[in-house]
Amino acid sequence: KQEVTQIPAALSVPEGENLVLNCSFTDSAIYNLQWFRQDPGKGLTSLLLIQSSQREQTSGRLNASLDKSSGRSTLYIAASQPGDSATYLCAVDAGGTSYGKLTFGQGTILTVHP
Amino acid sequence: EAGVAQSPRYKIIEKRQSVAFWCNPISGHATLYWYQQILGQGPKLLIQFQNNGVVDDSQLPKDRFSAERLKGVDSTLKIQPAKLEDSAVYLCASSLTLNTEAFFGQGTRLTVV
């Protein structure tokens, strides 16, 4: 059974810092991995999706890497801003007969203070 | 393009009462998911539909939860009777088909007292 773990559970940083969020998964046979953002009281917004054949994806100040063999992904946020404050979730899609079914980590609560 | 619509946004009920949530997916999306997110945890898949058929409901507590997607578009999730531990946000998501990116609605926050 796939298990996804995110470290740290919470992170508080001053504005302008570069930061790294970590995600690990127990079964390396994945179809893709996604990073989501969740604001309080809101749904999930997809940030980046990395296919199993890819090593990384970039969008603006965000960069996500994937190392399937070690079961790890990192989300790098450059020059953090107070507007980046949210919960960040990673999720894996095992593919095969489980296409589309996402297994989520518990999330990292990020606070960026001015 | 309109996103995934869910209603109601909030619901408070007493234990042992029943409740229903509604989801309207993005137009043309064949696959629909219901997830349960308990406070402080990541979402957990309850059920997955492909058109009007169930693909996976292995994590749905079938003694009290039921879901349907009769015409392959809108879906309803029902809980009867509710327990305190059902307090959570219920998220609906849809995707074009099984192996494409899913888009999430804003969720329904259920509080059982």
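Everything numeric here is computed off the predicted structure, so don't read it as measured data.

## Structural notes on the state of the cysteines
Here, the word disulfide means a covalent bond between the sulfur atoms of two cysteines. Considering all chains together, one arrives at two disulfides over all chains under this definition. In this model, C23 of chain A is linked to C90 of chain A through a disulfide, with the two sulfur atoms separated by 1.9 Å. In this structure, the disulfide formed by C23 of chain A and C90 of chain A twists by about 70° around the S-S bond and is classed as right-handed. Of the two residues, C23 of chain A is situated in strand 3 (residues 19-25) and C90 of chain A in strand 9 (residues 86-95); the sequence distance between them amounts to 67 residues. Classification of C23 of chain A as buried rests on a relative accessible area of 3%. According to the relative accessible area criterion, C90 of chain A is buried, its value standing at 0%. Covalent S-S linkage joins C23 of chain B and C92 of chain B, the inter-sulfur distance amounting to 1.9 Å. On the S-S bond that ties C23 of chain B to C92 of chain B, the torsion sits near -70°, and the link is left-handed. Of the two residues, C23 of chain B is situated in strand 3 (residues 19-24) and C92 of chain B in strand 9 (residues 88-95); the sequence distance between them amounts to 69 residues.

## Here's the deal with the interface of chain A and chain B
Tallying the contact residues gives 18 residues for chain A and 19 residues for chain B. Here chain A packs against chain B, burying approximately 1,500 Å² in sum over the two surfaces, 52% of which is carbon and sulfur. When residues of chain A are sorted by the area they lose upon contact with chain B, L44, Y99 and K101 of chain A head the list and together hold 30% of the total. Summed over the shared surface of chain A and chain B, the result is one salt bridge.

## Overview of the sheet that holds strand 3 of chain B
All names here are of chain B. Taken in spatial order, the four strands line up as 1-3-8-7 in an open sheet, and their pairing is antiparallel. The outermost strands of the open sheet, each flanked by one partner alone, are strand 1 (5-7) and strand 7 (65-68). Looking at each pair of strands side by side, their axes are set apart by 15° on average, direction ignored. Direction of pairing for strand 7 relative to strand 8 (residues 75-79): antiparallel, over a ladder of four bridges.

## As for the packing of aromatic side chains
Scanning all chains against the criterion turns up eight aromatic pairs over all chains. Centre to centre, the rings of F104 of chain A and Y35 of chain B are 5.7 Å apart; their planes meet at 90°, and the pair counts as edge-to-face. Separated into two different chains, F104 of chain A in strand 10 (residues 98-104) and Y35 of chain B in strand 4 (residues 31-37) make up a pair that spans both. One exposure class covers both F104 of chain A and Y35 of chain B, and it is buried. Note on F65 of chain B and Y90 of chain B: the rings are 6.4 Å apart at their centroids and 40° apart in plane angle, and the pair reads as tilted. Taken together, the residues span a long stretch of sequence, with F65 of chain B in strand 7 and Y90 of chain B in strand 9 at a distance of 25 residues. Look at Y90 of chain B and you get buried, because its relative accessible area is 0%.

## Considering the nonpolar core
Core analysis: the largest hydrophobic core is formed by 22 residues, its most contacted members being F25, L33, W35, L75, I77, Y88 and L110 of chain A. Mapped onto this core, the elements with two or more residues apiece are strand 3, strand 4 (32-38), strand 5 (44-51), strand 7 (62-67), strand 8 (72-77), strand 9 and strand 11 (108-113) of chain A. V4, V19, L32 and L77 of chain B belong to the second-largest nonpolar core, a separate cluster that totals 21 residues.

About the criteria used
Residues numbered from 1 in each chain as written. Chains lettered and ligands numbered in written order. Predicted model: local features only at pLDDT ≥ 70, side-chain atom pairs only at ≥ 80, totals over all residues. Heavy atoms only, no water. Disulfide = S-S within 2.5 Å. Helix = DSSP H or I, 4+ residues; strand = E, 2+ residues; numbered from the N terminus. Buried < 20%, exposed > 50% of the residue type's maximum accessible area, 1.4 Å probe, protein only. Contact = heavy atoms within 4.5 Å. Buried area = accessible area lost by both parts, 1.4 Å probe. Salt bridge = Lys/Arg side-chain N within 4 Å of Asp/Glu carboxyl O. Pairing = 2+ DSSP bridges. Axes fitted to C-alpha atoms, helices over the stretch in contact; angles between N-to-C directions. Phe/Tyr/Trp six-rings, centres within 6.5 Å; stacked < 30°, edge-to-face > 60°. Core = buried A, V, L, I, M, F, W, Y, C linked by side-chain atoms within 4.5 Å.

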